[in-house]
Amino acid sequence: MLETTHSPTTPLSPPLAPKLVTTVRELRAAVRAARAAGCSIGLVPTMGALHEGHLSLARASRAECGFTVASIFVNPTQFAPHEDFDKYPRTLEADLQALASCHTDLVFAPQRDDVYPAGCSTAVEPPRVAQRWEGECRPGHFRGVATVVLKLFNLVQADVAFFGQKDYQQASVIRQMVRDLNVPLEIRVCPTVREPDGLAMSSRNRYLSVDQRSQAVAISRSLRLAAQLAADGQRQTAALVDTVRGVLAEAQIDRIDYVAVVDPDTLEPVVALSGPSVMLIAAHVGGTRLIDNWKI
Ligand code: PAF
């Protein structure tokens, strides 16, 4: 952890930019030095195009761990050929500045060949919790996610890794993988960060036009409304799903991949609420696919 000392009379100097490393050798040397200095290691895996959601993870790591590594790697294996890998925003300079404000110590931004050297042909078979929802809509996605995340865990050898609840199923997949494969690290899942009007922060929000941006807010509005109905006593999840679909239809969001109320651990659908559940949504606004979820 980089200590900055200041007195009330001296202005705060801007936070130092994190050290940027691109090779595995540099990464390992920096992590080894931090460990030798007695620091615990926190990892914040990202694909860059950082927003407040990512920064909340970097801050959580900074609060818990002595040395924070953020990885920035747009992982090709989690995108299907028709998806947005090529146009996914790459904003390294801005990302470094944003991470500086969170006092992140190190940024690991590898090239594709460092992560997937020629001849690399092993992949992680994701756990059962990966099968439904995103797993059905994006075949192969979680295999790519689980593989790259396990690689990052092995490369960085962190003590704690931080993920956002916005990607609820992803967090479940990673938690289960860590359990199943005895990965020696702890997973923290931090709350979704939202825009003031409720839209969940996502790197893909920047694809939205002004009109689509105002349509997209219906997603979180519909979830909030359904959660309120549940709190008021509605136990039938079909009624909650209908409510959500109604709000989305009013906003002319008509390409919905799924709306579901699921068990928070297994992600299996729930028919009648009898305990904590999670409502999951994936829908397309214009050409942009957005996901969100809400605990009920
Ligand atoms: O959530 C993401 O940004 C990615 O899926 C992750 C975890 C960094 C793996 O590429």
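What you are looking at is a predicted structure, and each value in this text was computed from that prediction instead of being measured.

### Some details on the domain arrangement of the chain
Phase 1: According to the domain assignment, the chain consists of domain 1 (19-190) and domain 2 (203-295).
Phase 2: Across the boundary between the two partners, domain 1 contributes 23 residues, which contact 21 residues of domain 2.
Phase 3: Each partner contributes to the roughly 1900 Å² buried at the junction of domain 1 and domain 2, and carbon and sulfur atoms together form 52% of this total.
Phase 4: Put simply, domain 1 and domain 2 have 3 salt bridges between them.
Phase 5: Between the two partners, domain 1 and domain 2, sit 12 residue pairs in polar contact (both at pLDDT 80 or more).
Phase 6: The set of elements that each furnish at least two residues to the side of domain 1 that touches domain 2 consists of α5 (134-137) and α7 (168-180).
Phase 7: Among the elements that take part in the side of domain 1 that touches domain 2, α7 stands out by supplying 3 residues, more than any other.

### Let's talk about the packing of helix α8 (residues 210-231) against helix α9 (residues 237-250)
Helix-helix packing is described using two parameters, namely the angle between the two axes and the distance between the axes.
Phase 1: Close contact between α8 and α9 brings their axes to 9 Å; oriented N to C, the two are set at 150 degrees. Classified by the angle between their axes, α8 and α9 sit roughly antiparallel to one another. In the packing of α8 onto α9, the handedness of the crossing is right-handed. Facing α8, whose interface residues are Ala218, Ile219, Arg221, Ser222, Leu225, Ala226, Leu229 and Ala230, α9 presents Leu240, Thr243, Val244, Val247 and Leu248.
Phase 2: Looking at the contact of α8 with α9, its residues break down into 10 nonpolar, 2 polar and 1 charged.

Criteria and cut-off values
- Residues numbered from 1 in each chain as written.
- Predicted model: local features only at pLDDT ≥ 70, side-chain atom pairs only at ≥ 80, totals over all residues.
- Heavy atoms only, no water.
- Domains from an automatic or database assignment.
- Contact = heavy atoms within 4.5 Å.
- Buried area = accessible area lost by both parts, 1.4 Å probe.
- Salt bridge = Lys/Arg side-chain N within 4 Å of Asp/Glu carboxyl O.
- Polar contact = N/O pair within 3.5 Å; in protein donor to acceptor, adjacent residues only side chain to side chain.
- Helix = DSSP H or I, 4+ residues; strand = E, 2+ residues; numbered from the N terminus.
- Axes fitted to C-alpha atoms, helices over the stretch in contact; angles between N-to-C directions.
- Parallel < 35°, antiparallel > 145°, perpendicular 65-115°, else oblique.
- Left-handed = near helix turned anticlockwise from the far one by under 90°.
- Nonpolar A, V, L, I, M, F, W, Y, C, P; charged D, E, K, R; others polar.

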